[in-house]
Amino acid sequence: ELQDSGQDGAAIAAFDRAAELFGGLGNTVAQVRCLRSAAWVKFRMGGDERLAGVAAMRSVLSSLESLTQGDLAASDELASERDNTVEQLERMLKITAEEGTAVD
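About the criteria used
Residues numbered from 1 in each chain as written. Predicted model: local features only at pLDDT ≥ 70, side-chain atom pairs only at ≥ 80, totals over all residues. Heavy atoms only, no water. Helix = DSSP H or I, 4+ residues; strand = E, 2+ residues; numbered from the N terminus. Rg over C-alpha atoms; globule rule 2.2 N^0.38 Å. Contact = heavy atoms within 4.5 Å. Areas by Shrake-Rupley, 256 points an atom, 1.4 Å probe, with all protein chains shown as cover. Lys, Arg positive; Asp, Glu negative; His and termini not counted. Charge placed at Lys NZ, Arg CZ, Asp CG, Glu CD. Phe/Tyr/Trp six-rings, centres within 6.5 Å; stacked < 30°, edge-to-face > 60°. Buried < 20%, exposed > 50% of the residue type's maximum accessible area, 1.4 Å probe, protein only. Lys NZ or Arg CZ within 6 Å of the ring centre and 35° of its normal. Core = buried A, V, L, I, M, F, W, Y, C linked by side-chain atoms within 4.5 Å.

*Asks:* What exactly am I supposed to notice about the overall build of the chain here?
*Replies:* The helix and strand tally for the chain stands at four helices and zero strands. Starting at the N terminus, the α and β elements of the chain follow one another as α-α-α-α. In terms of C-alpha radius of gyration, the chain reaches 14 Å, essentially the compact-globule figure of 13 Å for 104 residues. Each of the three principal axes of the chain carries a C-alpha extent, and together these read 40 × 30 × 15 Å. Put simply, 56% of the contacts in the chain that link residues at least 6 apart link residues at least 24 apart. Within the structure as shown, the chain displays about 6200 Å² of accessible surface, and the carbon and sulfur contribution to it stands at 49%. Side chains of the chain carry 10 positive and 18 negative charges; the gap between the two charge centres is 1 Å.

Structural data, given as structure tokens:
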């Protein structure tokens with residue numbers, strides 16, 4: 001609702017706070033989903049925030065890869081979230097490439 005009403009900064013803060021709370025509860029899946037949502041809000045803002053959104057998505061992916069790498073017992077749910085994050089990052093990168101925006 002915050003994002004839909006043009007309050008992007010408040011939406012990002014809400015997603016970040018929710019991610020923090022879910023992390024404290026050990027609910028990694030919900031935490032990851034909130035962080036990805038915040039990354040998309042940043043990305044959709046355009047300009048420098050677009051690049052911040054890509055960086056945030058990369059950070060989420062890196063965290064998920066650390067959690068699932070070499071862990072045969074990693075849950076299917078975490079692996080699925082990792083795959084979803086890869087797909088969403090690829091979508092962001094495709095959009096930036098189509099626009100001619102340089103992303104490191």
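Picking up where we left off.
*Asks:* Please clarify how the packing of aromatic side chains should be interpreted in this entry.
*Replies:* A ring pair, where both rings are aromatic, is described by two values, the distance of the centres and the angle of the planes. Under the definition given, this model contains one aromatic pair. An angle of 80° between the planes, with centres 5.4 Å apart, marks the rings of Trp40 and Phe43 as edge-to-face. Separated by three residues within a single helix, Trp40 and Phe43 lie in helix H2 (residues 28–45), roughly one turn from each other. Given a relative accessible area of 8%, Trp40 falls into the buried group. Positioned above the aromatic ring of Phe43, the side-chain terminus of Arg50 is 4.1 Å from the ring centre.

*Asks:* Is there a simple way to explain the nonpolar core in this structure?
*Replies:* Within soluble globular proteins, side chains that are nonpolar tend to cluster in buried spots. Within the largest apolar cluster, nine residues are counted, these being Ala39, Trp40, Phe43, Val54, Ala56, Met57, Leu61, Leu89 and Met92. Only H2, helix H3 (47–68) and helix H4 (76–99) provide two or more residues apiece to this core. Here the element with the most residues in this core is H3; it accounts for four residues. If near-sequence neighbours (up to four positions away) are discounted, Ala39 is found in contact with Gly53, Ala56, Met57 and Met92.

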